[in-house]
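This is what each chain is made of:
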Amino acid sequence: MTRQIAIIADHCQNDINQAPIALMKTAAQIKAGCQADIRLIIAGESIQSTAEQLATYTSCPVLGLELGESTEYLEERLAAAFLHELKSDRPEFICINHTVRGVTLAAALAVG
């Protein structure tokens, strides 16, 4: 079974910022020490084209999780979507942005 490094890619209205790219560098360092595959996971509304752009830019597989249009309880919905995906294929490492949203998601993922 291949080890995996999951990167939770953050974005603002489907616009990729530099944070996932910085996390790619961290994941590459981890990969060098443990022979793991890197995959990115991004969630949001109408996210598939953003996921495809990110995959092209990083040359890594990217999973886009559609959340729908509602912004109510966004962090909880993000956490639930990520948890569902990560439980089916548990990564060895999870890289996540050090932002308010990232810390919130990290706490929810740690409990899940």
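This text goes with the structure placed above it.
What this report covers is the structure whose coordinates are included nearby. What you are looking at is a predicted structure, and each value in this text was computed from that prediction instead of being measured. (Residues numbered from 1 in each chain as written. Predicted model: local features only at pLDDT ≥ 70, side-chain atom pairs only at ≥ 80, totals over all residues. Heavy atoms only, no water.)

1. Points about the nonpolar core
Side chains of nonpolar character tend, in soluble globular proteins, to be buried together.
1) Next: Judged by nonpolar contacts, the single largest core of 17 residues is most densely connected at Ile7, Ile38 and Leu40.
2) Next: Put simply, the parts of the chain that give this core at least two residues each are β1 (3-8), α1 (19-34), β4 (36-44) and α2 (48-58).
3) Next: At five residues, the largest contribution of residues to this core is made by α1.
4) Next: Aside from chain neighbours lying at most four places away, what touches Ile38 is Ile5, Ile7, Met24, Ala27, Ala28, Lys31, Cys60 and Pro61.
5) Next: Ile41, Leu65, Leu86 and Leu105 belong to the second-largest nonpolar core, a separate cluster that totals 14 residues. (Core = buried A, V, L, I, M, F, W, Y, C linked by side-chain atoms within 4.5 Å. Buried < 20%, exposed > 50% of the residue type's maximum accessible area, 1.4 Å probe, protein only. Helix = DSSP H or I, 4+ residues; strand = E, 2+ residues; numbered from the N terminus. Contact = heavy atoms within 4.5 Å.)

2. With respect to the pairing of β1
Looking along a regular strand, one sees side chains alternate from face to face of the sheet.
1) Next: The buried fraction of β1 is high, at five of six residues.
2) Next: Strand direction decides the pairing type here: β1 and β4, joined by six bridges, are parallel. Looking at the pairing, Ile5 lines up with Ile38 of β4.
3) Next: With four bridges connecting them, β1 and strand β6 (residues 93-96) associate as parallel partners. Looking across to β6, one finds that Ile8 is bridged to Ile96. (Pairing = 2+ DSSP bridges.)

3. What about unusual backbone geometry?
1) Next: Located in the positive-phi region is Ser46, a residue other than glycine, with phi close to 50°.
2) Next: For Ser46, the position within the fold is in the loop between β4 and α2.
3) Next: What makes Ser46 partly exposed here is its relative accessible area of 49%.
4) Next: Phi is positive for Ser59, which is not a glycine, with a value near 60°.

4. Examining the layout of surface pockets
1) Next: Volume-wise, the largest pocket comes out at about 370 Å³.
2) Next: Along the wall of the largest pocket there are 25 residues; nearest its centre are His11, Ala43, Gly44, Leu74 and Arg101.
3) Next: Those elements that place two or more of their residues in the lining of the largest pocket are β2 (11-12), β4, α3 (74-88) and α4 (100-111).
4) Next: At four residues, α3 tops the list of elements feeding residues into the lining of the largest pocket.
5) Next: Of the residues that constitute the lining of the largest pocket, the class distribution is 10 nonpolar, 10 polar and five charged. (1 Å grid on protein atoms, 1.4 Å probe; cavity = no way out; pocket = protein on both sides within 12 Å on 5 of 7 lines; lining within 4 Å. Points joined across faces, edges and corners; volume = space filled by probe spheres on them. Nonpolar A, V, L, I, M, F, W, Y, C, P; charged D, E, K, R; others polar.)

5. Considering the pattern of salt bridges
1) Next: Under the criterion given, the structure shown has three salt bridges.
2) Next: Residue Arg101 is joined to Asp10 by a salt bridge in which the shortest nitrogen-to-oxygen separation is 3.6 Å. Pair noted here: Arg101 is in helix α4 and Asp10 is in the loop between β1 and β2, with a separation of 91 residues, a long-range link.
3) Next: The partly exposed category is assigned to Arg101, whose relative accessible area is 26%.
4) Next: Taking the relative accessible area as the measure of exposure, Asp10 reaches 16% and is therefore buried.
5) Next: Note that Arg39 and Glu85 form a salt bridge whose closest N and O atoms lie 3.4 Å from each other. Here the residue Arg39 occupies a position in strand β4, and Glu85 occupies one in helix α3, the gap between them amounting to 46 residues. Here Arg39 matches Glu85 in class, with each residue buried. (Salt bridge = Lys/Arg side-chain N within 4 Å of Asp/Glu carboxyl O.)

These figures capture arrangement, not role.
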